[in-house]
Amino acid sequence: MRKYLQFSILLLLTSSLTLAQQPTKPTSSEIYESIKKLNFLGSVLYVAAHPDDENTRLISYMSNEVKARTGYLSLTRGDGGQNLIGPELRELLGVLRTQELLAARGVDGGEQLFTRANDFGYSKHPDETLAIWDKDEVLSDVVLAIRTFKPDVIINRFDHRRAGRTHGHHTSSALLSMEAFDLVNNPSAYPEQLLHTELWQPERLFYNTSWWRYGSREAFDKVDKSNMSMLDVGVYYPLKGLSNNELASIASSQHLCQGFGRMTQRGSQEEYIEFLKGNPLNGSNNVFDGIDTTWNRIEDGQEIGSILLNIENNFDFTNPSKHIPELLQAYQLLVNVENKHWKTIKTKEIKSIIEACLGLYLEASAETNWATANETIKLNIEVLNRSQQNIILRSINTPDDLEISKEINLKENTKFNFKESFTIPKNQKPTTPYWLAEKGSLGMYKADSKFIGKPETPRVFNIEFNVLINKTPITFTKPIVYRYSKPDKGELYKPFEIIPEATASLTEKVYIFENNQEKEVEVIVKAGRENIEGSIEMAYPQGWEVYPKTQKISIINKDDIQKVTFTIFPPNNQNEGLITPMVKIGDKFHTRELVEIDYDHIPFQTVLLPSESKIVRLDIEKRGKNIGYIEGAGDVIPESLRQIGYDVTVIKPKDISAENLNRFDAIVVGIRAYNTIEELKFKQQTLFDYVAQGGNMVVQYNTSHRIKVDAIAPYELKLSRDRVTDEYANVTLLAKNHEILNFPNKITSKDFEGWTQERGLYFPNEWSNEFTPILSMNDKGETPKTGSLLVAKHGKGYYVYTGLSFFREFPAGVSGAYRLFANMLSLGKNNSN
């Protein structure tokens, strides 16, 4: 698995970001800030559509300056975006971006929530978005999030009044937030939720506006701001040694797969929020105006507040454990509070503060990061009291409901290690992101109702440490982890996960058969436990044949693999379907693959997905054999071209020279290469000269923002934001007699059937007369877009620019996309011309 090196210097600026997987170890300054936050009883919920939509400056300001409990409700997990750091797309990208959001919240101090909405790709209008999402279901999730989180204040990232002028997901997030504001206190709205939560009414709703909403700073200066409040979010935090802007930049930089790594910023900065609903502020810039955010807010809270305020005002940074007696007194009072909402939140907070003040280290590390049902796991338990307070470890509770008596007096700085074990239940389900446990739809994920809204699947296996602190009983719960080390990394952590006893994966997601010749397909079987004995067979569509029908599986060691090869025989004519390897152990079939997502900036992720690959028998011809590929922001085009018989060589920018290029029949430039590869500005003329000498150059889409080269084409070509998001949009062949539509494959409207997610994006909208537009397409209600595929003769060769989404269509095995791309690579090779 490829890894991406994060900006470690930035991450070291804040002590909460040691390594992504390690437990937090708060400093005295962080404990003090937690106490200040403990004394604030108010909540803010920020609402938007995707990971990286959130304004980390405002979230950080509310969490760290105001001290409010601050959440970000992202309606989707960003599954429809691109990935600049690795191969994960769609569901796997959603898992990666979920963890990047959690990493961002770990920096800015916020909490993370979601709905079940699936990011199906760019949408131009909320009507389309809400139809695909299932508006009522997503609205239900927004209502549930508000009823559960109970924000006093809601802040929308986007303007509900801009339908059709921005991303449909963005506008939809604002529309749903507006509607939910009026429903959350209505007992007739989603009454089934009230079995697990209760009615709530936020005090007010805002829109986080800015100059970009009005097009320019000058235009914004002229806007009537009488309904707006201004917040200076550039405040400096001496205890952190960082300004709020710096903290926000580090938080935003966690979105590495979207290329959000950025420089930190400092100094005064204005943020504007526009009042939309609820009780107005009446000239105040305090979003909690009129709301009691002290402990007086809850019944029997005054005494708790008095104790905790005294700790805050007299905090001992050199000896935080000095405050343990008062914290225990407040904890005992809090246990008896009737307000369940604030009791739950503040009990969790005060227990964390007590643990931190004591320097209490509690850890349960398994001997492995993976286990299977019915397996017995050995644990290493570590307990350490680094204070002078009197602490007794009474017992521990294991996941199999066994209470093990200890009665250990935890003397100051004396470490206790002991071994325990527990057995995983026979019927234990494997670990996987809960929203991927069942197959959803294009617009919605399925989820168990008890998980809806949660950022990730809750840890199932925990150890409970039952302690007496100065005779006060408290239970601390810690998830079982896997702690280990590597010589080049040091100490590392992984989550403890449950996997099936066997998983199987195919080495490719799509197998393309360019003719009726058979292909060998390799299957990798992985053992989740020791001594796997069984068989494997392949499910395949009618018209295809597989040999052999079944093969033996025998794996001795856990985590080892066995590779088996099946031969697939395609039909004579164009055809497609799915193949699935099925591993049989005893009387049970296993049909899922185990996917690992392993990057330094997020915790290690284990994902189980249906193990299946698409097989496609193509009716395809091609000319030319050797293709040079200049990589951009990440795609699988090289692998896909190899599938249909091309020899593809990846060319590094430093190796782009006339001598090297001349050995290729065509050069393909990867997606967003001109946005991401600085060196290409010095290589463009060499590439254009290659075309002039008879070469064929195909350039895939780039965005108009941050172009690294002076000219992306040998002739005038201007990129725009034009795109066609409807994958079913009608395609008109404009240049019916052009070689690119006729040789070596005859392209018809049938070749545009079965496309996925979109037709294309960032089409040019202006070009010189040397270019010939090949296709026309448009979304409903829009003018035709003719810039999706442009061809220009340049000297003896051809330059092709395309915004068509081949990077999405190839992994989906779309036959017509392969045929059209083969024609693009074959330009100029029709000897009959």
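Refer to the structure above for everything that follows.
Residues numbered from 1 in each chain as written. Predicted model: local features only at pLDDT ≥ 70, side-chain atom pairs only at ≥ 80, totals over all residues. Heavy atoms only, no water.

Visitor: It is not clear to me how the overall build of the protein chain should be interpreted in this structure. Could you clarify?
Guide: On a plain count of helices and strands, the protein chain comes out with 19 helices and 43 strands. Relative to the compact-globule value of 28 Å for 833 residues, the protein chain shows a C-alpha radius of gyration of 29 Å, a close match. Overall size of the protein chain, expressed as C-alpha extent along the three principal axes, is 95 × 75 × 55 Å. A burial count over the protein chain gives 57% of its 833 residues as buried. Counting contacts in the protein chain only where the partners sit at least 6 residues apart, residues at least 24 apart contribute 74% of the total. When the accessible surface of the protein chain is totalled, it reaches about 35,500 Å², and 47% of it is carbon and sulfur. Taken together, the 96 basic and 107 acidic charged side chains of the protein chain have centroids lying 2 Å from each other. (Helix = DSSP H or I, 4+ residues; strand = E, 2+ residues; numbered from the N terminus. Rg over C-alpha atoms; globule rule 2.2 N^0.38 Å. Buried < 20%, exposed > 50% of the residue type's maximum accessible area, 1.4 Å probe, protein only. Contact = heavy atoms within 4.5 Å. Areas by Shrake-Rupley, 256 points an atom, 1.4 Å probe, with all protein chains shown as cover. Lys, Arg positive; Asp, Glu negative; His and termini not counted. Charge placed at Lys NZ, Arg CZ, Asp CG, Glu CD.)

Visitor: Explanation requested: helix 6 (residues 135–149) in the structure shown.
Guide: One full turn of an α-helix is made of 3.6 residues, so residues set three or four places apart face in the same direction. The terminal C-alpha atoms of helix 6 lie 21 Å apart, and with 15 residues this matches the ideal 21 Å at 1.5 Å per residue to within 8%. Counting buried positions along helix 6 gives 11 out of 15 residues, so the element sits mostly inside the fold. All buried positions along helix 6 are accounted for by Val138, Leu139, Ser140, Asp141, Val142, Val143, Leu144, Ala145, Ile146, Arg147 and Phe149. At the exit of helix 6 stands Lys150, carrying a positive phi of roughly 55 degrees. (Expected span 1.5 Å × (residues − 1).)

Visitor: Just to check I follow, could you spell out the sheet that holds strand 23 (residues 519–527) for this structure?
Guide: Spatially, 21-23-27-25 is the arrangement adopted by the 4 strands of the open sheet, whose pairing is antiparallel. Either end of the sheet is taken by a strand with one partner, and the two such strands are strand 21 (502–506) and strand 25 (545–547). If you compare each strand with its neighbour and ignore which way they point, the axes differ by 30 degrees on average. (Pairing = 2+ DSSP bridges. Axes fitted to C-alpha atoms, helices over the stretch in contact; angles between N-to-C directions.)

Visitor: I tried to follow unusual backbone geometry on my own but got confused; where do I start?
Guide: Leaving glycine out, the prevailing phi sign among residues is negative, and the prevailing peptide bond configuration is trans. For the bond from Tyr547 to Pro548, the omega torsion is -5 degrees, close enough to zero to count as cis. Examined against the element boundaries, Pro548 turns out to sit in the loop between strand 25 and strand 26 (550–555). The phi dihedral of Arg672 falls on the positive side, at around 55 degrees, and the residue is not glycine. Topologically, Arg672 is positioned in the loop between strand 35 (666–669) and helix 16 (673–676). For Arg672, a relative accessible area of 19% puts it in the buried group.

Visitor: Would you mind going over the sheet that holds strand 13 (residues 391–397) with me for this structure?
Guide: One key point about sheets: their strands pair by backbone hydrogen bonds, in either a parallel or an antiparallel sense. Taken in spatial order, the 4 strands of this open sheet run 14-13-16-17, and their pairing is antiparallel. Both edges of this open sheet fall to strand 14 (403–409) and strand 17 (472–479), since each of them pairs with a single strand only. On average, adjacent strands in this sheet sit at an angle of 20 degrees to one another, irrespective of strand direction. Pairing geometry for strand 13 and strand 14, over 5 bridges, is antiparallel. Each bridged residue has a counterpart across the sheet, and for Ile396 the counterpart in strand 14 is Ile404. Relative to strand 17, helix 12 (residues 324–335) is tilted by about 90 degrees, and along the sheet it contacts strand 16 (462–469) and strand 17. Here helix 13 (residues 340–358) sits on the sheet in contact with strand 13, strand 16 and strand 17, set at roughly 95 degrees to strand 17.

Visitor: Please explain the packing of helix 4 (residues 90–108) against helix 10 (residues 244–252) as it appears in this structure.
Guide: To describe two helices that pack against each other, one gives the angle between their axes and the distance between the axes. For the pair helix 4 and helix 10, the least separation of the axes is 8 Å and the interaxial angle reads 165 degrees. Here helix 4 lies roughly antiparallel to helix 10, going by the angle between them. Seen along the crossing, helix 4 lies across helix 10 with a hand that is right-handed. Here Ala104, Val107 and Asp108 of helix 4 lie close against helix 10, whose contacting residues are Leu247, Ile250 and Ala251. (Parallel < 35°, antiparallel > 145°, perpendicular 65-115°, else oblique. Left-handed = near helix turned anticlockwise from the far one by under 90°.)

Visitor: Sorry if this is basic, but what is going on with the packing of aromatic side chains here?
Guide: Each aromatic ring pair is described using two quantities: the centre-to-centre distance and the angle formed by the ring planes. Here the structure, examined in full by the defined rule, presents 27 aromatic pairs. Between Phe810 and Tyr818, the aromatic rings sit 4.3 Å apart at their centres with planes inclined by 15 degrees, giving stacked as the arrangement. Taking relative accessible area as the criterion, Phe810 reaches 1% and is therefore assigned buried. Joined through ring pairs, the aromatic side chains of Phe752, Trp755, Phe806, Phe810, Tyr818 and Phe821 make up one cluster. Cation over ring: Lys351 sits above Phe476, and NZ or CZ is 5.9 Å from the ring centre. (Phe/Tyr/Trp six-rings, centres within 6.5 Å; stacked < 30°, edge-to-face > 60°. Lys NZ or Arg CZ within 6 Å of the ring centre and 35° of its normal.)

Visitor: What's the story with the environment of Glu639 in this structure? I'm lost.
Guide: Here Glu639 shows up in helix 14 (residues 637–643). Take Glu639: its relative accessible area is 37%, and that puts it in the partly exposed class. Each C-alpha atom, one on Glu639 and one on Leu231, is 50 Å from the other, the two residues being 408 residues apart in sequence.

Visitor: Even after reading the chapter, I still don't get a negative patch on the surface, so can you show me in this structure?
Guide: Taken together, Glu299, Asp300, Glu303 and Glu338 make up a surface patch of like negative charges. Relative accessible area serves as the criterion here: at 66%, Glu338 is assigned to the exposed category. (Patch = residues over 30% accessible without salt bridge, like charges linked within 9 Å, V, L, I, M, F, W, Y side chains within 5 Å. Salt bridge = Lys/Arg side-chain N within 4 Å of Asp/Glu carboxyl O.)

Visitor: So what exactly am I meant to see when it comes to the nonpolar core here?
Guide: Within soluble globular proteins, side chains that are nonpolar generally end up buried alongside one another. Ile354, Ile469 and Phe496 are the most contacted members of the largest nonpolar core, which has 55 residues in total. Residue contributions to this core peak at 8 residues, all from helix 13. If we skip the residues at most four places from it in the chain, Ile469 touches Ile324, Leu328, Ile354, Leu358, Asn390, Ile391, Ile474 and Phe476. Residues Ile512, Phe763, Leu789 and Leu825 belong to the second largest nonpolar core, which totals 45 residues. (Core = buried A, V, L, I, M, F, W, Y, C linked by side-chain atoms within 4.5 Å.)

Visitor: Would you explain the environment of Val691 in this entry?
Guide: Mapped onto the secondary structure, Val691 falls in helix 17 (residues 684–692). Residue Val691 is classed as buried on the basis of its relative accessible area of 1%. Each C-alpha atom of the pair Val691 and Ala666 lies 9.0 Å from the other, and the pair is 25 residues apart in sequence. Setting aside chain neighbours within four positions, we find Val691 in contact with Met697, His794, Lys796, Gly797, Tyr798 and Tyr799.

Visitor: Help me out: how do you make sense of helix 5 (residues 126–133) in this one?
Guide: Among all positions in helix 5, only Pro126, Thr129, Leu130 and Trp133 are buried. Viewed end-on, helix 5 has its buried residues packed into an arc of 90 degrees, placing them on one side of the element. Residues of helix 5 that are exposed and point over 90 degrees away from its buried face: Asp127 and Ala131. Residues of helix 5 that are buried sit in contact with helix 6 and helix 7 (168–183). Among the residues trailing helix 5, Asp134 stands out with phi positive, at a value near 75 degrees. (Arc of directions from axis to C-beta.)

Visitor: In this structure, what is going on with the pattern of salt bridges? I would like to understand it.
Guide: A side chain of one charge can pair with a side chain of the opposite charge if their charged atoms are brought near each other. Throughout the structure, instances matching the rule amount to 44 salt bridges. We note a salt bridge from Arg819 to Asp751, for which the minimum N-O separation is 2.6 Å. In this pair, Arg819 sits in helix 19 (residues 815–825) while Asp751 sits in the loop between strand 38 (731–733) and strand 39 (760–767), placing the two residues 68 residues apart along the sequence. Take Arg819 and Asp751: they sit in the same class, and that class is buried. One network of salt bridges, in which partners are shared, links Lys124, Asp779, Glu782 and Lys785.

Visitor: So what exactly am I meant to see when it comes to the side chain of Thr56 here?
Guide: Among the secondary structure elements, Thr56 is positioned in helix 3 (residues 56–65). Side-chain polar atoms of Thr56 contact the backbone oxygen of Ala248, separated by 3.0 Å. Not counting the four nearest positions on each side in its chain, Thr56 is found in contact with Arg105, Asp108, Ala248, Ala251 and Ser252. (Polar contact = N/O pair within 3.5 Å; in protein donor to acceptor, adjacent residues only side chain to side chain.)

Visitor: Looking at this structure, I do not really get the pairing of strand 34 (residues 647–650). What am I missing?
Guide: Working note: regular strand, side chains alternate between the two faces of the sheet. Summarising the sheet, strand 33 (residues 626–630) and strand 34 pair through 4 bridges and their orientation is parallel. Paired with Ile627 across the strands is Val648, a residue of strand 34. Read from strand 33 through helix 14 to strand 34, the crossover connection turns out right-handed. (Right-handed = clockwise from strand over helix to strand, strands pointing away.)

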